[in-house]
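Here are the chains, one letter per residue:
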Amino acid sequence: MCILCKDNEAVKINIANIIFLHYNGKDKYSVIKGRTVGVTMNMIEAKNLVFEYIRRDEEGNVESIHRAVDEVSLDVKKGDFVAILGHNGSGKSTIAKHINAILLPSEGTLVVNGIDTKEEDRLWDIRQSAGMVFQNPDNQIIASVVEEDVGFGPENMGVPTEEIWKRVEDSLKAVGMYEYRTHSPNKLSGGQKQRVAIAGIMAMRPQCIILDEPTAMLDPNGRKEVIRTIRELNKTEHVTVLLITHYMDEVIEADKVIVMDDGKVVMQGTPKEIFSQVDKLKQYRLDVPQVTELAYELKKEGIPLPDGILTVEEFGIEIKKLI
Ligand SMILES: Nc1ncnc2c1ncn2[C@@H]1O[C@H](COP(=O)(O)OP(=O)(O)OP(=O)(O)O)[C@@H](O)[C@H]1O
Ligand SMILES: [Mg+2]
């Protein structure tokens, strides 16, 4: 089969007049015909997505409407690590809940792994494509032994027992928690618990994970562990990652950063492009990494440093050039 693909764009092919031959691997070809199919390089595609929280009184009359997501269009490419930043209440979690079809758009569309989230009969496929990790690991761990907890998702999906054990082993190894497989989750640190929660999602073999402030309740060590784990999964397992965070230093290595404010996407770009615009970020009530702020202040005092310095190493290199 040949697919003519425009880079990064969904290609709709009307196959009504095309015959596809499916080879069974041995001796038989069968003819497949079907309706329009979509082929996409994007894991997530939002087009003019709107979501309104509607509050009703006891009789069901609308009391108030709050537009939490306002005409958002964005793409996340397969295999990318994308970070979403935004002040409290800017609509980040509301978008995350759409990707898992916990919420459905009031207007516009959201397509996850080629599936429109409004297709009710594809809910299971959507949830299998995109797994969610939330802020509080305690709310996500249910079993009393680590390996049982990680196996819970695939078991629910009807995965055969032997395959479950393989997935549990692979997932716990991927997050560096294999040696704790027989431990009780209660006795783990916050960072370790969150890694077990991530392993539980990985065991369902999603192509994408959405993490909504996964480090918000962790100490600095736990935060580092979890972020390192997420990066590893992205690099080695090629899992698409959508990370929602308030910590600027967690987004430095992302492929793309999306900034939200008041339900809208207000900035998109590489970390360098985003953190080169310190004034604009401050306008959206966001901070920048400390070293970026220092370089920015020095530049304002007349020291010729480039915009968007993100790491101490980069800062050191630029300072040496001036000596
Ligand atoms: N269940 C709800 N009912 C009504 N309004 C809601 C509900 N959940 C969120 N909102 C409102 O929608 C807006 C977006 O909320 P959301 O939780 O998506 O923001 P957020 O960017 O995730 O914020 P935070 O950084 O605090 O987690 C906010 O104004 C919030 O008050
Ligand atoms: Mg939130």
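Here the structure is shown first, and the text comes after it.
Computed from a predicted structure; not experimentally measured.

Observations concerning helix α3 (residues 146–156)
Three- or four-residue spacings in an α-helix give side chains the same orientation, since the helix completes a turn every 3.6 residues.
Thinking step 1. Those residues of α3 that sit buried are Val146, Glu147, Asp149, Val150, Gly151, Gly153 and Pro154.
Thinking step 2. Where α3 terminates, the next one or two residues include Gly158, which has phi positive at roughly 85°.

Some details on the site of ligand 1
Thinking step 1. Taken together, Tyr53, His66, Ala68, Gly86, Asn88, Gly89, Ser90, Gly91, Lys92, Ser93 and Thr94 are the residues near ligand 1.
Thinking step 2. For the shell around ligand 1, the elements supplying multiple residues, two or more each, are β6 (62–77) and α1 (92–99).
Thinking step 3. If you tally residues by element for the shell around ligand 1, the top one is α1, at three residues.
Thinking step 4. A per-class count over the shell around ligand 1 returns two nonpolar, eight polar and one charged.

Looking at the sheet that holds strand β5 (residues 42–56)
Thinking step 1. The sheet built from four strands is open, its strands ordered β6-β5-β8-β9 with antiparallel pairing. Both edges of this open sheet fall to β6 and β9 (115–116), since each of them pairs with a single strand only.
Thinking step 2. Judged from the two bridges that link them, strand β8 (residues 107–112) and β9 form a sheet pairing that is antiparallel. Each residue of the ladder has a partner; that of Val111, found in β9, is Asp116.

Some details on the pairing of strand β12 (residues 240–244)
Thinking step 1. In terms of residue burial, β12 counts as a mostly covered element, since five of its five residues are buried.
Thinking step 2. Alternating residues of β12 divide into Thr240, Leu242 and Ile244 and Val241 and Leu243, and every residue in both groups is buried.
Thinking step 3. Pairing analysis gives four bridges linking strand β7 (residues 81–86) to β12, with the strands arranged parallel. The residue of β12 that forms the bridge with Val82 is Leu242.
Thinking step 4. Bridge analysis of strand β11 (residues 208–212) against β12 gives five bridges, and the strand direction is parallel. Bridged to Ile209 within β12 is Val241.
Thinking step 5. Regarding the hand of the β-α-β motif, the stretch spanning β11, helix α6 (residues 220–236) and β12 is right-handed.

Some details on helix α4 (residues 161–174)
Thinking step 1. Its 14 residues give α4 an end-to-end C-alpha distance of 20 Å, which sits within 8% of 20 Å, the value for a rise of 1.5 Å per residue.
Thinking step 2. Three or more residues of α4 are buried, namely Ile164, Arg167, Val168, Ser171, Leu172 and Ala174. Buried residues along α4 cover an arc of 155° about the axis, so they all sit on one side.
Thinking step 3. In this structure, the buried side of α4 is in contact with α3, α5 (190–202) and α6.
Thinking step 4. Two residues or fewer after α4 comes Gly176, characterised by a positive phi angle close to 70°.

Rules behind the numbers
Residues numbered from 1 in each chain as written. Chains lettered and ligands numbered in written order. Predicted model: local features only at pLDDT ≥ 70, side-chain atom pairs only at ≥ 80, totals over all residues. Buried ≥ 20, exposed ≤ 12 C-beta atoms within 10 Å, placed from the backbone. Helix = DSSP H or I, 4+ residues; strand = E, 2+ residues; numbered from the N terminus. Near = placed C-beta within 6 Å. Nonpolar A, V, L, I, M, F, W, Y, C, P; charged D, E, K, R; others polar. Pairing = 2+ DSSP bridges. Right-handed = clockwise from strand over helix to strand, strands pointing away. Expected span 1.5 Å × (residues − 1). Arc of directions from axis to C-beta. Contact = placed C-beta atoms within 7 Å.

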